[in-house]
Amino acid sequence: MCKTFQIPCYQMTGYDMVGRSTESPIDFVVTDTISGSQNNDETQITQSTISRFACRIVCDRNPPYTARIFAAGFDSSKNIFLGEKAAKWKNPDGHMDGLTTNGVLVMHPKGGFTEESKPGVWREISVCGDVYTLRETRSAQQRGKLVENETNVLQDGSLVDLCGATLLWRTADGLFHTPTQKHIEALRQEINAARPQCPVGLNTLAFPSINRKDVVEEKQPWAYLSCGHVHGYHNWGHRSDTEANERECPMCRTVGPYVPLWLGCEAGFYVDAGPPTHAFTPCGHVCSEKSAKYWSQIPLPHGTHAFHAACPFCAAQLSGEHNCVKLIFQGPVD
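Residues numbered from 1 in each chain as written. Predicted model: local features only at pLDDT ≥ 70, side-chain atom pairs only at ≥ 80, totals over all residues. Heavy atoms only, no water.

The name that an unreviewed UniProt entry assigns to the chain is E3 ubiquitin-protein ligase pellino homolog 2 isoform X3, with the source organism given as Alligator sinensis. Its UniProt record gives the chain the following Sequence similarities (unreviewed entry) comment, quoted word for word: "Belongs to the pellino family." (UniProt positions renumbered as here; feature names shortened; annotations may be inferred.)

Now the structure itself:
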């Protein structure tokens, strides 16, 4: 799942360092993300691929508080720390530069982090902050080509991948225009107030409170993700003994995953304040249409050279024709 920096740039003092290490120079300790996990305690990482001193973010102290990202960080002796297998070289001006072992990748969305945003191109950032095309694999010794017309300045919505965790950078101004936690709670109450019903059992459905987001409740809505029809829970319609989640929708007879729906509760991942009408497949996290479609087309780094779209709320790899589906609720019959 993506992790969000929600710290206004003007609060940062000089530079902040990000990495796996828990040593004192590290300001933000990040751990590997488990795909599909609701809880970070569910699975333990045997060997992390995140660098101990992954990157540092430097912010101007004066408006507009420009933030720049650099690979690697300073250890306790105030020296740049790079692994033995990290790529290193001397630039024509005589200064040394290098890359972390598995790289610091950055993607700036086209059009900012808005309703009209489109995916940008993934680049790699060097120790000196230069921008390069991607290496053949994450840990290859040969660096990519220098991209001279691009900079290491972070924008609202920039994604930073540390090979094990992907961070979403939000600016103070961007967060000011982002839906708040109270707004998401109001949307949840509005859906529940409409009293959606299971079209078969005719029982009223309700999204659980955000405080109970890890517990499947009796009234929780479930959905057939191949068609989007929303039902209450039932234990019939199996079409395969091996695929427990494959069910046949009683409304349209479409066969596909049948999962509980969860309202995405991290406000920083929303690109608009629209109602939660779409669900990611196959995890069932629900958010606005434009937010779902935005994240459904974002290729996130995976492994040494693969990319795939993932749910921002749980990091599950997305699947299906469009990676998300429009939900079809039935209102009360009375």
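S.K.: Outline the overall build of the chain, listing residues and values.
M.R.: The secondary structure content of the chain amounts to 3 helices and 24 strands. For the chain, buried positions account for 49% of its 334 residues. For the chain, the share of sequence-separated contacts (at least 6 apart) that also reach a separation of at least 24 residues comes to 58%. (Helix = DSSP H or I, 4+ residues; strand = E, 2+ residues; numbered from the N terminus. Buried < 20%, exposed > 50% of the residue type's maximum accessible area, 1.4 Å probe, protein only. Contact = heavy atoms within 4.5 Å.)

S.K.: Tell me about the state of the cysteines, and please be specific about residues and values.
M.R.: On inspection of all chains with the given rule, the structure shows 0 disulfides. Here Cys-311 is not disulfide-linked; the sulfur of Cys-283 is the nearest cysteine sulfur, at 3.6 Å. Looking at Cys-311, the relative accessible area reads 1%, which means it is buried. (Disulfide = S-S within 2.5 Å.)

S.K.: Give a description of a nonpolar patch on the surface that names residues and reports values.
M.R.: Residues Val-200, Trp-236 and Met-251 make up a contiguous nonpolar surface patch of about 280 Å² in total accessible area. Structurally, Val-200 is set in the loop between α2 (181-193) and β15 (222-224). (Patch = residues over 30% accessible without salt bridge, like charges linked within 9 Å, V, L, I, M, F, W, Y side chains within 5 Å. Areas by Shrake-Rupley, 256 points an atom, 1.4 Å probe, with all protein chains shown as cover. Salt bridge = Lys/Arg side-chain N within 4 Å of Asp/Glu carboxyl O.)

S.K.: Tell me about the pairing of strand β4 (residues 55-59), residues and numbers included.
M.R.: Counting buried positions over the 5 residues of β4 gives 4, a clear majority of the element. Pairing geometry for strand β2 (residues 15-19) and β4, over 4 bridges, is antiparallel. Within β4, the position partnered with Tyr-15 by the bridge is Val-58. Where β4 and strand β5 (residues 67-71) come together, 5 bridges link them in antiparallel fashion. Its bridge partner being in β5, Val-58 is matched across the sheet by Arg-68. (Pairing = 2+ DSSP bridges.)

S.K.: Lay out the sheet that holds strand β16 (residues 230-231) with the relevant residues and their values.
M.R.: Here we have 4 strands laid out as an open sheet, ordered β16-β15-β18-β17, and antiparallel in their pairing. Either end of the sheet is taken by a strand with one partner, and the two such strands are β16 and β17 (246-248). Two elements, β17 and strand β18 (residues 255-260), share 3 bridges in a ladder whose sense is antiparallel. Counterpart to Glu-246 in the pairing with β18 is Pro-257.

S.K.: Break down the pairing of β18 for me, with residues and values.
M.R.: For β15 and β18, the ladder comprises 3 bridges, and the chain directions are antiparallel. Across the sheet, the residue bridging to Ala-223 is Val-259, located in β18. Where β17 folds back on β18, the antiparallel hairpin that results is connected by 6 residues, among which Arg-253 adopts a positive phi of roughly 65°.

S.K.: Explain the sheet that holds strand β3 (residues 28-29) to me, and be specific about the residues and the numbers.
M.R.: Sheet architecture is open: 4 strands sit in the order β3-β2-β4-β5, paired in mixed fashion. Two strands lie at the open edges of the sheet, namely β3 and β5, each paired on one side alone. One ladder, built from 2 bridges, connects β2 with β3; its direction is parallel. Each residue of the ladder has a partner; that of Val-18, found in β3, is Phe-28.

S.K.: Lay out the packing of aromatic side chains in plain terms, naming residues and giving numbers.
M.R.: According to the stated counting rule, one finds 13 aromatic pairs in the structure shown. Seen from their ring centres, Phe-113 and Tyr-294 are 5.5 Å apart, and the 85° between their planes marks the pair as edge-to-face. Here Tyr-294 lies in helix α3 (residues 289-296) and Phe-113 lies in the loop between β10 (105-107) and β11 (123-125), a separation of 181 residues in the sequence. No difference in accessibility class separates Phe-113 from Tyr-294, as the two residues are buried. For the ring pair Phe-280 and Phe-313, a centre distance of 6.4 Å and an interplane angle of 55° mean the geometry is tilted. Taken as a pair, Phe-280 in strand β20 (residues 276-280) and Phe-313 in the loop between β23 (306-308) and β24 (324-326) lie far apart in primary sequence, 33 residues in all. There is no split in this pair, since Phe-280 and Phe-313 are both buried. (Phe/Tyr/Trp six-rings, centres within 6.5 Å; stacked < 30°, edge-to-face > 60°.)

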